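Each chain, written out:
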Number of protein chains: 2
Amino acid sequence: MPATEFPISLNDVRAAARALNGTVVRTPLLENADVNASLGGRLLIKAECAQRTGAFKIRGAYWRILNMTAEERALGAITYSSGNHALGVSQAARILGSTALIVMPDDAPAAKMAAVRSLGAEIATFDRDRENYDDVVERLRQETGRVHVPPSAHPQVLSGAGTVALEIFEQAEALGARIDAVLTPCGGGGLTASTAIVARETSPGTQVYAVEPELFDDTRRSLLAGQRVPNPIGLRTICDAIMTPIPNTVTFPINQALLAGGLTASDADVAAAMRFAFEHYKIVVEPGAAVGIAAVLNGQIDISGRTVATVVTGGNVDLDRFCSLTHQITS
Amino acid sequence: MPATEFPISLNDVRAAARALNGTVVRTPLLENADVNASLGGRLLIKAECAQRTGAFKIRGAYWRILNMTAEERALGAITYSSGNHALGVSQAARILGSTALIVMPDDAPAAKMAAVRSLGAEIATFDRDRENYDDVVERLRQETGRVHVPPSAHPQVLSGAGTVALEIFEQAEALGARIDAVLTPCGGGGLTASTAIVARETSPGTQVYAVEPELFDDTRRSLLAGQRVPNPIGLRTICDAIMTPIPNTVTFPINQALLAGGLTASDADVAAAMRFAFEHYKIVVEPGAAVGIAAVLNGQIDISGRTVATVVTGGNVDLDRFCSLTHQITS
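All values reported here derive from a predicted model rather than from experimental measurement. (Residues numbered from 1 in each chain as written. Chains lettered and ligands numbered in written order. Predicted model: local features only at pLDDT ≥ 70, side-chain atom pairs only at ≥ 80, totals over all residues. Heavy atoms only, no water.)

Q: For the nonpolar core, give the residues involved together with the corresponding values.
A: Among the nonpolar cores identified, the biggest contains 84 residues, and L183, V270 and I283 of chain A together with L183, V270 and I283 of chain B are the most heavily contacted of them. For V270 of chain B, the residues in contact, after removing those within four places along its chain, are I238, C239, A265, P287, A290, V291 and A294 of chain B. (Core = buried A, V, L, I, M, F, W, Y, C linked by side-chain atoms within 4.5 Å. Buried < 20%, exposed > 50% of the residue type's maximum accessible area, 1.4 Å probe, protein only. Contact = heavy atoms within 4.5 Å.)

Set out below in C-alpha cells:
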C-alpha cells in the first residue's frame, strides 16, 4: 500500500492530539535505571493504565465522537465491546454531551456491565448462540440512528490511538532517548497501525512490532503469510483485551506495509510480566497490556544496547484476578 | 523558630534539585478526572513509588553522599534502616562510587537483607534485646570512619527530600492547579518539614499536613501539646515505613512552626486507600505511603472544591503482602 493510500497521516494524528489535549491524560513514560542496567538496554514504558477509564481506548473514541455532527452526537454512539473500548466510548460520549449504547453478550460479567452503566451508557444484550455481534450492532444502528464507533477500523479511531505514539516519541526525546523499537500489544491492530504511521514520519529508524498472545498471533502469522489468516477456534488466553479472530481489513494493510514483524508471549510470560511491572515500575498492568514487557523478558526482542519502548495499553484488571494470575505463575 | 534559623532554605532544596537531575526520576503527578468529579475536588498524587529503589528516600541519601568529601566517600556511608532508607543509601552510594554499611536487627526479614545486599551494601546485624540501633551505628561509625546518613535529621537529607515538593508545585502549575493542601506521610518528619519549607516560599497559601497512622500519631499529638511527645510502647501498624517512636529534634521545630496540623488514618483506612490507588490510579502503594490518600477518603481533610496533593512516598510492598492486606479489608 503506497503511503498516500493509508487511511490516516501524521497530520491527522497531530490534529487529534490537539483536540485531546486537556481531556485525556498525557500519561507518563516510565523507566527504571536499575532494571535497565540489568537488562543491558533501555526499556521505556508508556503507562496508559493511568489514562482516563484505565486504558488508551478513550483517545480514539473521543476523537471519533468529537468529529460527529451535532445531529449525530444527539443520536449517540453505538459499539460492541465488553472491555476497555466500551469504557472509552461511554466516557467520551458523556464528556461530549452525547450518549452511548454498548452491545454486550448476555453472559458478560456483571462487574463489566456495572462499570459501563456507571459511566451513563445503556447496554443492549444479545444471545451469542443465536446472533453475532456485528449483526446486532448493525440492526440497532439502523433502528436507533446511532453512529458506530468501532474499536479500531475507522480513521478517526486510528488517529486518536496514534496520539499515544506521538507522546512516546516526544517524551523519549525529552529523556534523551532514541527509540530503536516500539512494541505494541495487538488485538484489532489499530494501536499498532497508528504507531507505525507516526513512527514512519517522526522517527524513521524505529521498528514497530505487533505483540500478541502465543495462541492468538493472527497478525504475526498473517504478516508471514502475506494475507489475513484467522486464529483457530476454541483457544483461550488470559489476554482478553486482545483476543481477536482475524486481522481487520483497515489495519492489516497498514501493518503489512510498515511493521518490522510480530512477537508473541505465552500466558505464563504475561503473568510474569505483570508481576515484573508491579515490582519494578509499581504499576498495575492488565494481561493484554503486558505482552510487550513479556516479549522483552522472554527474549523475543533483543534489548541489549538498544532502547525499546512498549505501551502498557491498560490497567483494568480486578484486584482479585490480578492477585490470582500473578500468584499462579510464581508459587 | 524564626525562618532564618531553619536548618535549610528553599535555595538549598533548589541546589539539591539541580544535582539530582538526571539521576533521580522526576516522578509523575497523577490525577484522575473521574475520581475528582466524584470527590468534588482535585486530588493530585505524586507517585514516588516510581522513584529509583521504589521510594523517595534516595533523594536525600544521594544529596548527602554527594556532599561528602572524596575522603569521606572513600570511607563510605553508614545508617540504620531495614526499609526504604536502606535501599536509598545503598543505591546512592553505589551510583557515587562509595559504599554503604547498613545496620539491621538480626531478625530483619531475609528478603529485606537480600534487597540491600543486591545493591552492593554490607549489612551489620545486632541483637535488639542487647543493644539499641543508635549505639550500634555510633560504635561502627567510630570503628570504620564511615559517615552517618540519617533518614531525616540532617540538612542535606532534608534538602534532598524537599525536591519532591519542588516538583509537585512545578507540575501542578503545568496542570493549571493551585494546591490548597499537601498531605505528607510522616515518620521521622523530614519529608513533611522540607515540604513545609518549600511551600512557605513557593506557594504561601498552601497548607501542609503531617499524616500518620492512627496509633503512631506522635507528630500530631506533639503539635497539639507544643512539645515532643512519644508514642505508647507496644502498638502495631501495617505502616512499617513510618513507625517512629517520637518526633526528632531537627524536624519537629520546623513542623511546629509551619504545619497546618496532623491527620491520621487507621490500618483499615490505609488498606482501603491501597486498593483505591490500585483501582483508580493503577499504582502500587506501600502501606505507609497510602496515609495521605486514606486521609482524603476517611474525610479527615476536606477536598470539596479544593485541590489537595499527597505524596505516595513508596511502593515497596511484596505482592503477597499487598494482596493479603487489600483483601483483609474488603472481603
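Still more ground to cover, so stick around.
Q: Describe the state of the cysteines, with residues and values.
A: One pass over the full model with this rule turns up one disulfide over all chains. Each sulfur in the disulfide pair C323 of chain A and C323 of chain B lies 2.1 Å from the other. Residues C323 of chain A and C323 of chain B share a disulfide whose torsion about the S-S bond is about -90°; that sign makes it left-handed. Of this pair, C323 of chain A sits in helix 14 (residues 319-330) while C323 of chain B sits in helix 14 (residues 319-330), placing the two residues on different chains. Cysteine C239 of chain A is unpaired, with the sulfur of C186 of chain A as its nearest cysteine sulfur at 12 Å. In this model C49 of chain B remains outside any disulfide bridge; the closest cysteine sulfur is found in C49 of chain A, 11 Å from its own. (Disulfide = S-S within 2.5 Å. Helix = DSSP H or I, 4+ residues; strand = E, 2+ residues; numbered from the N terminus.)

Q: Break down unusual backbone geometry for me, citing the residues and quoting the values.
A: Residues and elements named next belong to chain B. The backbone of T53 sits at a positive phi, close to 65°, despite the residue not being glycine. With respect to the element layout, T53 can be found in the loop between strand 2 (42-47) and helix 3 (57-66). Judged by its relative accessible area of 15%, T53 is buried. At K282, a position not held by glycine, the phi torsion is positive, near 60°. Counting through the fold element by element, K282 comes out in the loop between helix 12 (267-280) and helix 13 (291-297). Judged by relative accessible area, which is 6%, K282 ranks as buried.

Q: Give a detailed account of the packing of helix 3 of chain B against helix 5 (residues 84-95) of chain B, specifying residues and quantitative values.
A: Residue and element names in this part refer to chain B. Two elements in contact, helix 3 and helix 5, have axes whose closest approach is 8 Å; the angle formed by their N-to-C orientations is 40°. In terms of axis orientation, helix 3 runs oblique to helix 5. The two elements helix 3 and helix 5 meet at a crossing, and its hand is right-handed. Within the contact between the two elements, helix 3 uses K57, I58, A61, Y62 and I65 and helix 5 uses N84, H85, G88, V89, Q91, A92, A93 and I95. Within the contact of helix 3 with helix 5, the residues separate by chemical class into eight nonpolar, four polar and one charged. (Axes fitted to C-alpha atoms, helices over the stretch in contact; angles between N-to-C directions. Parallel < 35°, antiparallel > 145°, perpendicular 65-115°, else oblique. Left-handed = near helix turned anticlockwise from the far one by under 90°. Nonpolar A, V, L, I, M, F, W, Y, C, P; charged D, E, K, R; others polar.)

Q: Explain the sheet that holds strand 5 (residues 122-126) of chain B residue by residue, including any values.
A: All names here are of chain B. Ordered by their spatial adjacency, four strands build an open sheet running 5-4-3-6, and the pairing between neighbours is parallel. The open sheet terminates on both sides in strands that have one partner only, identified here as strand 5 and strand 6 (147-148). Both strand 4 (residues 100-105) and strand 5 contribute to a ladder of five bridges, which runs parallel. Along strand 5, the bridge assignment pairs V103 with A124. The strands touched by helix 6 (residues 110-118) are strand 4 and strand 5; relative to strand 4, the strand with the most contacts, the crossing angle is about 175°. (Pairing = 2+ DSSP bridges.)

Q: Let's hear about the environment of A290 of chain B: which residues, and what values?
A: All names here are of chain B. Inspection of the secondary structure puts A290 in the loop between helix 12 and helix 13. C-alpha of A290 to C-alpha of C323: the two residues are 33 residues apart in sequence and 15 Å apart in space. In this view, A290 contacts V270, A273, M274 and V285; residues no more than four positions away in its chain are not counted.

Q: Account for the interface of chain B and chain A, with residues named and values stated.
A: If you look at the interface, chain B gives 27 residues, while chain A gives 27 residues. Both sides of the chain B and chain A interface together cover about 2200 Å² of buried area, and 64% of this is carbon and sulfur. Our count for the contact surface shared by chain B and chain A stands at three salt bridges. A salt bridge links D320 of chain A to R275 of chain B, with the nearest nitrogen and oxygen atoms 4.0 Å apart. Remark: the boundary between chain B and chain A carries 12 residue pairs in polar contact (both at pLDDT 80 or more). Those elements giving two or more residues to the side of chain B that touches chain A turn out to be helix 2 (33-39), helix 12 and helix 14 of chain B. Looking at the side of chain B that touches chain A element by element, the count peaks at six residues for helix 14 of chain B. Of the residues assigned to the side of chain B that touches chain A, the class counts are 13 nonpolar, seven polar and seven charged. (Buried area = accessible area lost by both parts, 1.4 Å probe. Salt bridge = Lys/Arg side-chain N within 4 Å of Asp/Glu carboxyl O. Polar contact = N/O pair within 3.5 Å; in protein donor to acceptor, adjacent residues only side chain to side chain.)

Q: Outline the confidence of the model for chain A, listing residues and values.
A: Detail in the predicted coordinates should be disregarded across regions flagged by low pLDDT. Overall, the predicted model of chain A reaches an average pLDDT of 95, with 98% of residues at or above 70. Interface confidence in the predicted complex, given as ipTM, is 0.93; pTM for the same model is 0.95. (pLDDT = per-residue confidence, 0-100.)

Q: Report on the relation of the copies chain B and chain A, specifying residues and quantitative values.
A: One copy of the chain maps onto the second through a rotation about an axis and a displacement along it. Superposing chain B onto chain A requires a rotation of 180° together with a translation of 0.0 Å along the rotation axis, leaving an RMSD of 0.0 Å. Here the two chains are linked by the operation of a two-fold rotation axis. Every residue of chain B has its C-alpha some distance from the rotation axis, and the shortest such distance is that of I283 of chain B, at 2.2 Å. Of the interface residues in chain B, 100% have counterparts in chain A that sit at the interface too, so the contact is made through matching surfaces. (Least-squares fit on C-alpha atoms with pLDDT ≥ 70 in both.)

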